[in-house]
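Tertiary structure, described
Residues per chain, in single letters:
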Amino acid sequence: MKNNDAYIFDSILPSLELTTSTDGYGNLFVWASLPSAEMLLEAAKELAEAGARLCAITAFNTEKFAKESDMELVYNFDLDGKVLTLSIRLTPERRVIPSLIDHFSNADWHEREFAELFDIELSGREKPKRLFLDPSIDTGIFNRLIPLSSMMNGSSTKQLWETIFAETSMPDWAKETK
């Protein structure tokens, strides 16, 4: 690692290849991609023991509008004002990630959210209760929704309706161009 202030993460996570960057204010950011879900659990345990705080977990599809694309989970930790970002890629065939709830109790909300909205399975804990969606709505709905910003790009053309009806047959009224 190039930044001497980041030594703390080197000592906590010696098996990871860490990279660093700083913003315009000199704040340190440390990054690593994890090759396996097992490494996430090991890293979380070490970070918790060092007194790190889990700030956020973000889940997203790596390909826009793709139901069967890889997903990425990004975990942000803070330790003494230094931010560590760990990312891990999940394939459509294996969307399972270990729960961090035993090490970070605030992981509960984040894990419940991505389990519900992206249909990611959590190992090491019971299936979490839903946060937002009505039980009649399938889990993983965010794998099928079209972002409003993408729809608005074609709001004045038939592109909007072609995107909405991509998986079904488009009604005649939507095919008409004006």
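A short tour of the structure in this document, coming up. Counting restarts for each chain, with residues numbered from 1 along the sequence as it is written. Local features in this predicted model are restricted to residues of pLDDT 70 or higher, and side-chain atom pairs are both shown and tallied only at a pLDDT of 80 or more, whereas totals for entire chains, interfaces and linings draw on every residue. The side-chain figures draw on all heavy atoms in the structure; neither hydrogens nor water molecules are used.

For helices the rule is a DSSP run of H or I covering at least 4 residues; for strands it is a run of E covering at least 2, with both sets numbered from the N terminus onward. Looking only at helices and strands, the protein chain has 6 helices and 7 strands in total. N-terminal to C-terminal, the α/β element order of the protein chain is α-β-β-α-β-β-β-β-α-β-α-α-α. Relative to its full complement of 178 residues, the protein chain shows a buried share of 39%. The criterion used for residue contact is that any of the two residues' heavy atoms lie within 4.5 Å. Partitioning the contacts of the protein chain with sequence separation of at least 6, the portion at a separation of at least 24 is 46%. Under the convention used here, a 1.4 Å probe and the Shrake-Rupley method define accessible areas, while residue burial counts only the protein chains that appear. Here the protein chain displays about 10,800 Å² of accessible surface, and carbon together with sulfur accounts for 50% of that area. Buried means the residue's accessible area, taken with a 1.4 Å probe over protein chains only, is under 20% of the maximum for its type, while exposed means over 50%, and partly exposed covers the values in between.

Let's shift gears to the side chain of H110. Among the secondary structure elements, H110 is positioned in helix α3 (residues 107-118). For H110, the contacting residues outside a window of four places in its chain are C55, A56 and I57.

Turning our eyes to something else, we now look at the pairing of strand β2 (residues 28-34). Going residue by residue along β2, you find L28, V30, A32 and L34 tucked away on one face and F29, W31 and S33 left uncovered on the opposite face. If DSSP finds at least two bridges between two strands, the strands pair. In sequence, strand β1 (residues 19-22) turns back onto β2 through a hairpin of 5 residues, with G26 there showing a positive phi of about 85°.

Since there are 3.6 residues in each turn of an α-helix, residues three or four apart along the chain are aligned in direction. One less than the number of residues in a helix, times 1.5 Å, gives the span that helix is expected to have. Taking 1.5 Å of rise per residue, the 12 residues of α3 would be expected to cover 16 Å, and the 16 Å separating its terminal C-alpha atoms lies within 8% of that figure. Burial within α3 is extensive, with 9 of its 12 residues counted as buried. Where α3 is concerned, the buried positions are A107, H110, E111, R112, F114, A115, E116, L117 and F118. Lining the buried residues of α3 we find β3 (53-61), β4 (71-79), β6 (96-98) and β7 (121-123). Just downstream of α3 lies D119, where phi reads positive at about 60°.

Glancing now at the sheet that holds β3. Strand order across the open sheet formed by 5 strands is β1-β2-β5-β4-β3, with mixed pairing between neighbours. At either end of the open sheet lies a strand with only one pairing partner, and these are β1 and β3. Taking each pair of neighbouring strands and ignoring which way they run, the sheet shows an average axis angle of 20°. In this structure, β4 lies alongside strand β5 (residues 82-90), joined through 9 bridges in antiparallel fashion. By the bridge assignment, V74 is partnered in β5 with S87. Helix α2 (residues 37-49) rests against β2, β4 and β5 of the sheet, and its axis sits at about 160° to β5. With axes taken as lines fitted to C-alpha atoms, and helix axes fitted only over the stretch in contact, angles between N-to-C directions fall between 0 and 180 degrees.

Before going further, it helps to spend a moment on unusual backbone geometry. You will see that D80, though not glycine, has its phi angle at about 55°, which is positive. Relative to the elements of secondary structure, D80 occurs in the loop between β4 and β5. Overall, D80 belongs to the exposed group, its relative accessible area being 60%. Within the chain, D119 stands out as a residue other than glycine whose phi angle is a positive 60°. Secondary-structure assignment places D119 in the loop between α3 and β7. Take D119: its relative accessible area is 44%, and that puts it in the partly exposed class.

Turning our attention to the nonpolar core. By size, the foremost hydrophobic cluster in this structure holds 39 residues, and its most contacted members are L47, Y75, L86, I97 and F114. Within the residue set of this core, elements represented by two or more residues are α1 (7-12), β2, α2, β3, β4, β5 and α3. By residue number, the principal contributor to this core is α2, which donates 6 residues. For L47, the contacting residues outside a window of four places in its chain are F9, I12, L13, A52, F77, L84, L86 and F104. Definition of nonpolar core: a set of buried residues of the types Ala, Val, Leu, Ile, Met, Phe, Trp, Tyr and Cys, connected through side-chain atoms within 4.5 Å.

Remember that the coordinates give geometry; whether it matters functionally is a separate question.
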